[in-house]
Amino acid sequence: MRIVLTEFVTLDGVSQGPGSPSEDTSDGFTRGGWLVPYIDELFVRRTTEWLERADGLLLGRRTYDAFARDWPEITDPDDPYTQRMNSLPKYVVSTTLTAGTWYPTTVLRTIDDVEELKRQDGGELQIHGSARLGNALLKAGAVDLVRLAVAPTVLGSGRRLFEQPGDAAGLRLTAQEVTPSGLLLLEYETVGAAPVAEYEGVTAYL
C-alpha cells in the first residue's frame, strides 16, 4: 500500500483545529475553526474522491481518540464522508492503547509495524490529522504522497504540520487546483532527500 499524508493547513503551516474552535485547544490554542469558512462544493467533492482511494486509515493516538468519539455520532445520511470513515479499517499507532473502540481497529506499536503493513497489497493507507505520526513517517522515508488543502489564512500560532526535526525531504508537485473559496489543493510525491544547488545567476535558467 502507499502511505498518503492528507492534511489541512493554513498558509503559515498550522494544522491544529481546522474544524472548530473547540476541536483541539491543547497548549492554549484558541484559533480553531479556520478551515470552515472556505469549505465549498469543490473541496467536498475532491476530499470525497481522496477518501474513496483509501484502503485504511492510519492514525496517531490523539487523532484516533477524537475520531472514535465523533465520527460514529454523525448520522446525516447525506454526509459524503461518514460511511467511509466509519467502515474503513483503522490502524492506530500507540504504545499505550491495548484495543480500539472504533470498529474495525488494529493497534500498531512501532514504525516498523507500519512499514510491514505498507508492504501488504492494497491502495492508499491514509493519514488524516496525526501530524506527529506523519512527521515521523516522513522522516523514516515511509510516506509516498502528501496531499494538502491550504487555507488562505495566517494564524501566527498553533501546532504546525512540519515542525519536528528531521532530514530535509524532497517533494515533487503532481497536482494543483484552486477552489472557488480560495483553498489551494496540492499533491506531492516524495522523492527522497531535498535537493540543493548553488545559485549561478539568472542567465543559467534562461
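Residues numbered from 1 in each chain as written. Predicted model: local features only at pLDDT ≥ 70, side-chain atom pairs only at ≥ 80, totals over all residues. Heavy atoms only, no water.

In the annotation of an unreviewed UniProt entry, the protein chain is listed under the name Deaminase and assigned to Kribbella sindirgiensis.

With that out of the way, let us pick up the packing of aromatic side chains. With the rule as written, the count across this model stands at four aromatic pairs. Between Tyr 64 and Trp 102, the ring centres sit 6.2 Å apart and the planes meet at 50°, which makes this aromatic pair tilted. With Tyr 64 in helix α2 (residues 61-70) and Trp 102 in the loop between β3 (90-93) and β4 (105-108), this residue pair connects regions lying 38 residues apart in the sequence. Take Tyr 64 and Trp 102: they sit in the same class, and that class is buried. When the ring centre of Trp 102 is taken as origin, the NZ or CZ atom of Lys 90, which lies over that ring, is 4.4 Å away. (Phe/Tyr/Trp six-rings, centres within 6.5 Å; stacked < 30°, edge-to-face > 60°. Helix = DSSP H or I, 4+ residues; strand = E, 2+ residues; numbered from the N terminus. Buried < 20%, exposed > 50% of the residue type's maximum accessible area, 1.4 Å probe, protein only. Lys NZ or Arg CZ within 6 Å of the ring centre and 35° of its normal.)

A few words on the pairing of strand β1 (residues 2-10). The element β1 is largely enclosed, with a buried count of seven among its nine residues. Two elements, β1 and strand β5 (residues 124-128), share five bridges in a ladder whose sense is parallel. Directly across from Thr 6, in β5, lies its bridge partner His 128. One ladder, built from seven bridges, connects β1 with strand β6 (residues 145-151); its direction is parallel. Note that in β6 the partner of Leu 5 across the bridge is Val 146. (Pairing = 2+ DSSP bridges.)

Of the consecutive residues Tyr 103 and Pro 104, the connecting peptide bond is found in the cis state with omega at -10°. Structurally, Pro 104 can be placed in the loop between β3 and β4. If you check the backbone angles, Asp 27 has positive phi at about 60° while not being a glycine. Mapped onto the elements, Asp 27 comes out in the loop between β1 and α1 (41-52). The phi dihedral of Ser 130 is positive, around 50°, even though this residue is not glycine. Structurally, Ser 130 can be placed in the loop between β5 and α5 (131-139). Its relative accessible area of 8% is what places Ser 130 among the buried residues.

Okay, the sheet that holds β5 next. Read across the sheet, eight strands follow the order β4-β3-β2-β5-β1-β6-β8-β7 without closing on themselves; strand pairing throughout is mixed. Here the strands that pair on one side only, and so sit at the sheet edges, are β4 and β7 (169-178). Pairwise comparison of adjacent strand axes, ignoring direction, gives a mean angle of 25° for this sheet. Its contacts with the sheet put α2 on β2 (54-60), β3, β4 and β5, and the angle it makes with β2 is roughly 115°. Against the sheet, helix α4 (residues 111-118) engages β1, β2, β3, β4 and β5, with an angle of about 130° to β4. (Axes fitted to C-alpha atoms, helices over the stretch in contact; angles between N-to-C directions. Contact = heavy atoms within 4.5 Å.)

In this section: the nonpolar core. In this structure, Phe 43, Leu 57, Tyr 64, Met 85 and Trp 102 are the most contacted members of the largest nonpolar core, which totals 25 residues. Setting aside chain neighbours within four positions, we find Phe 43 in contact with Phe 8, Leu 35, Tyr 81, Ala 149, Thr 179, Leu 183 and Leu 185. Formed by 23 residues, the second largest nonpolar core is a distinct cluster that contains Ile 3, Val 9, Leu 125 and Ala 131. (Core = buried A, V, L, I, M, F, W, Y, C linked by side-chain atoms within 4.5 Å.)

Turning next to the side chain of Thr 10. On the secondary structure map, Thr 10 appears in strand β1. Judged by relative accessible area, Thr 10 falls into the buried class, the value being 1%. Within polar-contact distance, the side chain of Thr 10 engages the side chain of Asp 12 at 2.5 Å. The residues contacting Thr 10, other than those within four sequence positions of it, are Trp 34, Val 150, Ala 151, Thr 153 and Leu 155. (Polar contact = N/O pair within 3.5 Å; in protein donor to acceptor, adjacent residues only side chain to side chain.)

So, about the side chain of Lys 90. For Lys 90, the position within the fold is in strand β3. Lacking a salt bridge, the buried Lys 90 has Asp 55 as its closest oppositely charged neighbour, with an N-O distance of 13 Å. Within the local environment of Lys 90, its side chain forms a polar contact with the backbone oxygen of Asn 86, the two atoms lying 2.6 Å apart. From its side chain, Lys 90 meets the backbone oxygen of Tyr 103 in a polar contact 3.1 Å long. Residue contacts for Lys 90: discarding those within four places in its chain leaves Leu 57, Tyr 64, Met 85, Trp 102, Tyr 103, Pro 104, Thr 105 and Thr 106. (Lys, Arg positive; Asp, Glu negative; His and termini not counted. Salt bridge = Lys/Arg side-chain N within 4 Å of Asp/Glu carboxyl O.)

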